[in-house]
Amino acid sequence: MKKQIPEAAPKNRKTGLILVLTALALTIMLFSMPIFRTDTVLFSKKSANTFVGDEKYQSVRAEVEQAAAQYAGFNKTEVREDVTLRTKSDGSQSSMVTFSVTSQGWNNAWQIITSGLPSGSILAILLVCVLISFLAGFLGRSRISGGVAVAFALCTLLLVPAFAMLNTRIFSRSIGTVLSGAREADISALLASADRLLYGEKAGEDVAKLLGGMTYNYTFALWGLLPAGMLLLCGVLLMQNARLGSTLARGALYCFVIALCIVILYPYYVMFITGLRSIAETNDMYFLHMLPVKWVWSNFYDIVQRGVLRYLGNSLLLSSGATLIGLVCGIPAAYAMARMRFRGKKAFLGFVIMSQMFSPVVLLVGIARLMSALKLNDTVAGLMLINAAFNQAFAIWLLRGTFVSISSEMEQAACIDGCNVFGALTRVLLPMAAPGIVTTLIFVFINAWNEYTISTVLISTSSRRPITVGITQFSSFNMIEWQYLFASALLATIPVVILFLCIEKHLVTGLTSGGVKG
């Protein structure tokens, strides 16, 4: 037995029905209006040293008129002329007249559907979605029918930009790139459909030539389908006794979150897809296929053979070591800055802040000489110390703020229970400061993981390079191996993602959880 939804208020249902019928009528009306405008140059001729009205102008004009007569059966055909005046060095003037025979086409949705173009099927599906949404909302009373009506109403909103994208792809890529010679493909079916739509099957063998000189755009009638879809959605919601304002607001929030996720995740999608393409596809500037024509999983095997795993191991060792050194040195220093009073405390804090002003690039020569003197040049250990040093100031300041936010009464209570200063720090303060420590850990680890400049200068042995320097082997002066570069970048993101997954739960830990005894 189907679960019935509460009967909609008569006023709401009447209003919803009016909106749905209005949306249906508006959709049919917009389908009958031109939504796709084309402008094709059928014939053109330039005539130099020609002035309007002179004998040469009349002769060329007659020739253009004769050419225009050949295209009399096409859509709205007209002869245009463009006059360009030029002044010579002696002060005399010359004139260039450019004649062109153009054909303008205005196509509605019905014509596109019957033309056989793949984009026409999108419009047909859109119309079916409108009808199904109307019938499901008008005849149904269950939650299932209401959900179906809302789902198909949402589909109408998505199919409008889908049509524009597919139609643009057909004329700009599927047809345009073949006509420009960028690629070879059998597009005879598309050319026949385009001829049927734009030229009434009168272009014949000249359709490819005509399409090469065609420009197009979309009219307001196409984008008017979006408000029609919104009217349909609002009407269906009212007929289902939904709270229109809150429902639309929640839907808009979901749409915003989905769009934001797509924007954020799209670079990773491109990185993953490009890492699995062949070298021919990665060098295709037109990006004709969203997915690889052939999935080349061997790209990952190739980069492993070229030492990428060794570079990842070096980066893991470098980042882990720098993070460990930064925390081991930063926690006592931050505790001292937060709890102890001593002479020169403010000066020391000022020095910590000033140290952040110096870029590693400015100190590069001194760093290189220091590492050479310590016999740490061209070693991962030297990079650990340098990265820990440059991240130490931030670690101290962040951890100091964390310790200051924790009440000193916690330590006093621990001392009363028998702990010394070190015991109070390790057993009470550190667990309570876990969120700040985790934040510091993430910052130092990612900074060390992404470091490039110092590693490039100090590391000369290929086997000791971190991943940021190692992947540069895929980028040379005359060629970039994009498939290997993106596959390596994809592997380089995995350790950072795993780190976040492991410590994410500690970021939401309360500062005082477990801090009060009994």
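Residues numbered from 1 in each chain as written. Predicted model: local features only at pLDDT ≥ 70, side-chain atom pairs only at ≥ 80, totals over all residues. Heavy atoms only, no water.

Caption draft 1: Up close: the sheet that holds strand β4 (residues 214-218). Spatial ordering of the open sheet is given by β2-β3-β1-β4, a layout of 4 strands whose pairing is antiparallel. Edge positions in the open sheet fall to β2 (77-87) and β4, since each of these has one partner strand only. Between one strand axis and the next, the sheet turns through 25° on average, direction left out of account. Where strand β1 (residues 34-48) and β4 come together, 5 bridges link them in antiparallel fashion. Bridging from a neighbouring strand, F36 pairs with Y218 of β4. Taken strand by strand, helix α5 (residues 143-174) contacts β1 and β4, and its axis lies near 175° from that of β4. Sitting on the sheet, helix α7 (residues 188-198) is in contact with β1, β3 (93-108) and β4, with an inclination near 90° to β1. (Pairing = 2+ DSSP bridges. Helix = DSSP H or I, 4+ residues; strand = E, 2+ residues; numbered from the N terminus. Axes fitted to C-alpha atoms, helices over the stretch in contact; angles between N-to-C directions. Contact = heavy atoms within 4.5 Å.)

Caption draft 2: Up close: α7. For α7, the complete set of buried residues consists of L190, L191, S193, A194, D195, L197 and L198. Two residues or fewer after α7 comes G200, characterised by a positive phi angle close to 60°. (Buried < 20%, exposed > 50% of the residue type's maximum accessible area, 1.4 Å probe, protein only.)

Caption draft 3: Spatial organisation of the packing of aromatic side chains. All chains considered together, the criterion is met by 15 aromatic pairs. A centroid spacing of 5.9 Å and a plane angle of 45° characterise the contact between F171 and Y216, whose relative ring orientation is tilted. Within this pair, whereas F171 is found in helix α5, its partner Y216 is found in strand β4, the two being separated by 45 residues in sequence. Looking at F171, the relative accessible area reads 7%, which means it is buried. Under the relative-accessibility criterion, Y216 is labelled partly exposed at 24%. Ring-pair connections join several aromatic residues into one group, and the members of that group are F36, F163, F171, Y216, Y218 and W223. (Phe/Tyr/Trp six-rings, centres within 6.5 Å; stacked < 30°, edge-to-face > 60°.)

Caption draft 4: Spatial organisation of the domain arrangement of the protein chain. What the domain assignment reports for the protein chain is domain 1 (10-33 + 108-241), domain 2 (36-84 + 93-107) and domain 3 (299-517). Taken over C-alpha atoms, the centre of domain 2 sits 70 Å from the centre of domain 3. (Domains from an automatic or database assignment.)

Caption draft 5: Spatial organisation of the packing of helix α4 (residues 118-139) against α5. Interaxial distance between α4 and α5 falls to 8 Å at its minimum, and their mutual angle equals 165°. By the angle between their directions, the pair α4 and α5 is classed as roughly antiparallel. Seen from above, α4 lies across α5 with left-handed handedness. Grouping the amino acids of the contact of α4 with α5 by side-chain chemistry returns 20 nonpolar, 6 polar and no charged. (Parallel < 35°, antiparallel > 145°, perpendicular 65-115°, else oblique. Left-handed = near helix turned anticlockwise from the far one by under 90°. Nonpolar A, V, L, I, M, F, W, Y, C, P; charged D, E, K, R; others polar.)

Caption draft 6: Broad picture of the pairing of β1. Examined bridge by bridge, β1 and β3 share 13 bridges and lie antiparallel to one another. Each residue of the ladder has a partner; that of R37, found in β3, is W106.

Caption draft 7: Main features of the nonpolar core. I35, F171, Y199 and L211 are the most contacted members of the largest nonpolar core, which has 60 residues in total. A total of 9 residues in this core trace back to one element, the largest contributor, which is α5. When we break this core down by domain, the ones giving at least three residues each are domain 1 (10-33 + 108-241) and domain 2 (36-84 + 93-107). Setting aside residues up to four positions removed in sequence, F171 forms contacts with F36, L117, G176, A194, L198, L211, M214 and Y216. Judged by nonpolar contacts, the second largest core, of 23 residues, contains F445, I467, L490 and I503. (Core = buried A, V, L, I, M, F, W, Y, C linked by side-chain atoms within 4.5 Å.)

Caption draft 8: Structural detail: the packing of α4 against helix α10 (residues 225-239). Running from N to C, α4 and α10 point in directions that differ by 15°, and their axes come no closer than 9 Å. As far as their axial angle goes, α10 and α4 are roughly parallel. At the point where α4 passes α10, the crossing takes the left-handed sense. Here V130, S133, G137 and F138 of α4 lie close against α10, whose contacting residues are L232, V236 and M239. Residues that form the contact of α4 with α10 fall into these classes: 5 nonpolar, 2 polar and no charged.

Caption draft 9: View of the pattern of salt bridges. For the coordinates displayed, the defined rule picks out 8 salt bridges. Here E65 ties to R61 by a salt bridge, and the two come within 3.1 Å at their closest N and O atoms. Linking E65 with R61, this pair stays in helix α2 (residues 55-69), spanning 4 residues, or about one helical turn. R61 gets classed as partly exposed once you look at its relative accessible area, which sits at 22%. A single network of salt bridges, built from pairs that share partners, joins D39, E78 and R80. (Salt bridge = Lys/Arg side-chain N within 4 Å of Asp/Glu carboxyl O.)

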